[in-house]
Amino acid sequence: MSAPADTQGLAWTEASLRGFLHGLPGVDQVGAEARAAMLASRSIKTTAKQWALDTAISMIDLTTLEGQDTPGKVRALCAKARRPDPADPTAPMVAAVCVYPDLAYVAATELLGSGVHVASVATAFPSGRTSLEVKLADVRFAVSAGADEVDMVIDRGAFLAGRYQEVFDEITAVKQACGPAHLKVILETGELVTLDNVRRASWLAMLAGADFIKTSTGKITPAATLPVTLVMLEAVRDFRETHGRQVGVKPAGGIRTAKDALRYLVLVNETAGEDWLDSRWFRLGASSLLNDLLMQRTKMATGRYSGPDYFTLD
């Protein structure tokens, strides 16, 4: 059996993957945390804040991933995705609606022709603890139901045990099962323990064909953090420089306020560069963030807060 190949056709073995990943420069955790904190302290001037708020809205993957999700709840979420502020048609649409595979058909029907993407989690989200056969069936089901983006979870147990080729092979198989759909690879960084592991997992996912790398499922704590996202942004920047392919980044979980969202935009601009300040390359996975962005947007337009009850609940 031949060794698996990356998107450039380079063959990888367990030994070569280990050598490459452990040969990456180590992450200065203190330095990463200090730089993230410094960038988080920057303010966005009034003239740019309107643009930043609208950009953040346009980057949201509006998400519902609960056991009590219903078709009606997904339809309501899709209506909000298309028209976030019913009183203001200038408010941009969000990037995508993210749901479980069995509800992807509802989202696909509601969002048809709108330009809002349909994202579906798959591969036994959030644990990923099942067979590859079941994971691939999960992906194919989601795509057949209308998802044009798939959010998979890596096998963190295999990664932490150093079975890098197993993780690589699984991502490449899922990528193939996605067909034309884009693949977001969830690293679940809260379980990877160190920033060195975050860097290695980011590169492993990109080598295997990820279109996006994503921090978290949002089901464990910690979820997205600025230092973790900084390391991932450095990885996609360096990957494009060495491999000539641009990969997106999606922090998800715990991003609830406009202030949080704007901090991430500053981080993107100062780390990866303005090429990533676009929903094609940066997303915010969130459920409650949108309302706060809308409140801040209304405050800028009218000079007063409308209050959370003015907007629909997510």
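Above this note sits the structure.
Described below are features of the structure shown in this document. (Residues numbered from 1 in each chain as written. Predicted model: local features only at pLDDT ≥ 70, side-chain atom pairs only at ≥ 80, totals over all residues. Heavy atoms only, no water.)

### Regarding the pairing of strand E3 (residues 117-121)
In terms of residue burial, E3 counts as a mostly covered element, since 4 of its 5 residues are buried. Read as a crossover between parallel neighbours, the route from strand E2 (residues 96-99) over helix H5 (residues 104-111) to E3 is right-handed. Examined bridge by bridge, E3 and strand E4 (residues 149-153) share 3 bridges and lie parallel to one another. In the sheet register, Ser120 faces E4, and the bridge partner there is Val150. Between the parallel pair E3 and E4, the chain is carried across by helix H6 (residues 132-144), and the sense of this crossover is right-handed. (Buried < 20%, exposed > 50% of the residue type's maximum accessible area, 1.4 Å probe, protein only. Helix = DSSP H or I, 4+ residues; strand = E, 2+ residues; numbered from the N terminus. Right-handed = clockwise from strand over helix to strand, strands pointing away. Pairing = 2+ DSSP bridges.)

### Comments concerning the packing of H6 against helix H8 (residues 164-178)
Relative orientation of the contacting elements H6 and H8 amounts to 30°, with a least axis distance of 9 Å. Considered as vectors, H6 and H8 are oriented roughly parallel to each other. Considering the relative orientation of H6 and H8, their crossing is right-handed. Packed against H6, whose contacting residues are Leu132, Lys135, Leu136, Val139, Arg140 and Val143, the element H8 presents Glu170, Ala173, Val174, Ala177 and Cys178 at the interface. Across the contact of H6 with H8, the residue classes tally to 8 nonpolar, no polar and 3 charged. (Axes fitted to C-alpha atoms, helices over the stretch in contact; angles between N-to-C directions. Parallel < 35°, antiparallel > 145°, perpendicular 65-115°, else oblique. Left-handed = near helix turned anticlockwise from the far one by under 90°. Contact = heavy atoms within 4.5 Å. Nonpolar A, V, L, I, M, F, W, Y, C, P; charged D, E, K, R; others polar.)

### Side note on the side chain of Lys214
When you line up the elements, Lys214 lands in strand E6 (residues 212-214). Its relative accessible area of 3% is what places Lys214 among the buried residues. Residues in contact with Lys214, not counting those within four places in the same chain, are Asp151, Val185, Ile186, Leu187, Glu188, Met232, Lys250 and Ala252.

### As for the nonpolar core
Ile171, Val185 and Leu293 are the most contacted members of the largest nonpolar core, which has 98 residues in total. For this core, the element with the highest residue contribution is helix H10 (residues 226-243), accounting for 9 residues. Residues contacting Leu293, with those up to four places away along its chain left out, are Leu53, Ala56, Ile57, Ile60, Ala258 and Ala261. (Core = buried A, V, L, I, M, F, W, Y, C linked by side-chain atoms within 4.5 Å.)

### Quick notes on the layout of surface pockets
The computed volume of the largest pocket comes to approximately 540 Å³. Looking at the largest pocket, it is lined by 27 residues, and the ones nearest its centre are Thr63, Gly218, Gly253, Ala286 and Ser287. Of all the secondary-structure elements, those providing two or more residues to the lining of the largest pocket are helix H4 (71-82) and strand E8 (284-286). In the lining of the largest pocket, the residues fall into 9 nonpolar, 11 polar and 7 charged. Taken as a whole, the second largest pocket holds about 220 Å³ of empty space. Along its surface, the second largest pocket is lined by 14 residues, and His117, Glu149, His182, Arg280 and Arg283 are the ones closest to its centre. For the lining of the second largest pocket, the residue count by class is 3 nonpolar, 4 polar and 7 charged. (1 Å grid on protein atoms, 1.4 Å probe; cavity = no way out; pocket = protein on both sides within 12 Å on 5 of 7 lines; lining within 4 Å. Points joined across faces, edges and corners; volume = space filled by probe spheres on them.)

### A few points about H8
In a regular helix each residue adds 1.5 Å, so 15 residues correspond to 21 Å; H8 covers 21 Å between its end C-alpha atoms and thus fits that length. If you check which residues of H8 are buried, you get Tyr164, Val167, Phe168, Glu170, Ile171, Ala173, Val174, Ala177 and Cys178. Next to the buried residues of H8 lie helix H1 (14-22), H6, E4, helix H7 (156-160), strand E5 (182-186) and helix H9 (195-207). At the exit of H8 stands Gly179, carrying a positive phi of roughly 60°. (Expected span 1.5 Å × (residues − 1).)

### Concerning the sheet that holds strand E1 (residues 60-63)
Spatially, the 8 strands line up as an open sheet ordered E7-E6-E5-E4-E3-E2-E1-E8, and their pairing is parallel. Only two strands of the sheet have a single neighbouring strand rather than two, namely strand E7 (248-250) and E8. Taken over all neighbouring pairs, the strand axes of this sheet differ in orientation by 25° on average, direction set aside. Relative to E7, E6 runs parallel, the two sharing 3 bridges. In the sheet register, Lys214 faces E7, and the bridge partner there is Lys250. Sitting on the sheet, H5 touches E2 and E3, and the angle it makes with E3 is about 175°.

### A look at the pairing of E4
The two faces of a sheet get side chains in turn, since along a regular strand they alternate between them. The buried fraction of E4 amounts to 5 of the 5 residues, a majority that puts the element mostly inside the structure. What you see with E4 is no split at all: Glu149, Asp151 and Val153 on one side and Val150 and Met152 on the other are buried throughout.

### A short note on unusual backbone geometry
Of note, the amide linkage connecting Phe125 to Pro126 takes the cis form, showing an omega dihedral of 0°. Here Pro126 is to be found in the loop between E3 and H6. Following Thr221, the chain continues into Pro222 via a peptide bond in cis, with omega recorded as 0°. Here Pro222 lies in the loop between E6 and H10. Positive phi is not limited to glycine here, since Thr123 has a value of about 60°. Here Thr123 lies in the loop between E3 and H6. With a phi close to 75°, Val193 is a non-glycine residue in the positive phi region. By the element assignment, Val193 lies in the loop between E5 and H9.

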